[in-house]
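Listed here are the chains, written in short residue letters.
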Amino acid sequence: MAGRGRVSMREHMAIDVSPGPIRPIRLISHYFPHFYPTAEPALRPPDPRPPGTPVRSAPQPQPDPEPEGDSDDSTALGTLQFTLLFDADNSTLHCTAHRAKGLKPLASGSVDTFVKANLLPGASKASQLRTRTVRGTRGPVWEETLTYHGFTLQDARRKTLRLCVCEDPWLRRRRRAPPLGELRVPLRKLVPNRARSFDVCLERRRLTKRPKSLDTARGMSLYEEVEAEAAWEERGRVLLSLCYSSQRGGLLVGVLRCAHLAPMDANGYSDPFVRLFLHPNAGKKSKYKTSVRRKTLNPEFNEEFFYAGPREELAQKTLLVSVWDYDLGTADDFIGGVQLSSRAGGERQQHWRECLGRSDRRLELWHPLDGTPLQLSD
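Rules behind the numbers
Residues numbered from 1 in each chain as written. Predicted model: local features only at pLDDT ≥ 70, side-chain atom pairs only at ≥ 80, totals over all residues. Heavy atoms only, no water. Helix = DSSP H or I, 4+ residues; strand = E, 2+ residues; numbered from the N terminus. Buried < 20%, exposed > 50% of the residue type's maximum accessible area, 1.4 Å probe, protein only. Contact = heavy atoms within 4.5 Å. Areas by Shrake-Rupley, 256 points an atom, 1.4 Å probe, with all protein chains shown as cover. Pairing = 2+ DSSP bridges. Axes fitted to C-alpha atoms, helices over the stretch in contact; angles between N-to-C directions.

Visitor: With reference to specific residues and values, describe the overall build of the protein.
Guide: Each helix and strand in the protein was counted, giving five helices and 18 strands. The buried share of the protein, taken over its 378 residues, is 44%. The contacts of the protein with a sequence gap of at least 6 include a subset with a gap of at least 24, amounting to 67%. Carbon together with sulfur atoms contributes 52% to the accessible area of the protein, which is approximately 21,600 Å² in total.

Visitor: I'd love a proper account of the sheet that holds strand β8 (residues 196–201), names of residues and values included.
Guide: On the basis of which strands lie adjacent, the open sheet formed by four strands has the order β5-β2-β1-β8 and antiparallel pairing. Single-partner strands in this sheet number two, and they are β5 (141–149) and β8. Taken over all neighbouring pairs, the strand axes of this sheet differ in orientation by 20° on average, direction set aside. With nine bridges joining them, strand β1 (residues 79–87) and strand β2 (residues 92–101) adopt antiparallel strand pairing. Bridge assignment links F82 to a residue of β2, and that residue is A97.

Visitor: Can you explain the sheet that holds strand β17 (residues 333–340)? Please cite residues and give values.
Guide: In sheet architecture, strand pairing relies on hydrogen bonds along the backbone and comes in two forms, parallel and antiparallel. Strands sit in the order β14-β13-β16-β17 across an open sheet of four strands; the sheet is antiparallel. With partners counted over all chains shown, the strands left at the sheet margins are β14 (287–289) and β17, one partner each. For this sheet, the mean angle separating the axes of adjacent strands, direction not counted, is 20°. When strand β16 (residues 318–325) meets β17, the two strands line up antiparallel, connected through seven bridges. What sits directly across from L320, in β17, is Q339.

Here it is, written out as structure tokens:
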């Protein structure tokens, strides 16, 4: 020690300790206007030094690939890898959550996380899906696909997918803990039947005041996870199958499933069932109803009903389909309805005419529900 030269304070203060340039952070906006770039550009900050300035030969420290510091909000929240696929042929949207990296747990120190998805605008619980919980890691791997049924091209043009990485609520005393981070993807950029992958930084949660048109819904808080432009109220949609059976001499009506129904109960869900009525028609054979599905906004029924009659006679009738929330001891709540006939408009008329125009061919189609009860006498 005695033989080595000592470093003076002046020399010590002259040592270059600059950490070097900060690497750019990928955000969701970097994917637009080009929705899925084939090659990521090498984003580098401009060199502030004038040309001809000599470069120091002193080595620069390399940044940690998964930093744990709090230098920046978007950096500290971590990243999420996921893939989106709009299957236009089957009217479904598939969201595959792959993994997250560099998550920053809340003060509780919990690292048991899951991914929650919502379609916006719309009621939060009506489109809420979630993955399983992965425990004990800041880099969870889910590899789980969440599927939205009844997702149409019109939905892709006006809806946004919101993804949140959340802590397991069963492991926290506070049930409504804020998510660790979220991101939002405008679905109008999706190309039908083509999968797109993302690796995006999570952002802070954004709270939006609920529209006044939804304030009357029971059990819903003032601040809800919906978009401000959702001034109109979605009632949901129903998947119906129609088939004129030449062998049985009548119409087969299948109630397959409903999606994104409006919540009618205080718990934020409904107990839905479907009623069918063929008008005009006398007798009990004109009315049917499905079984009740408990505490769900996306029920699956797969029940079929039969209306006898020749094709020409059925073409002059109207099929009323209504979705209700079952309440024990009180009147059932109307959720929404749809009317199919040769005098209806758009896809409702087309579905009805194509079914009666061909025999023994099952036609399935999603129909949005109207919020106004259909007024027809028996």
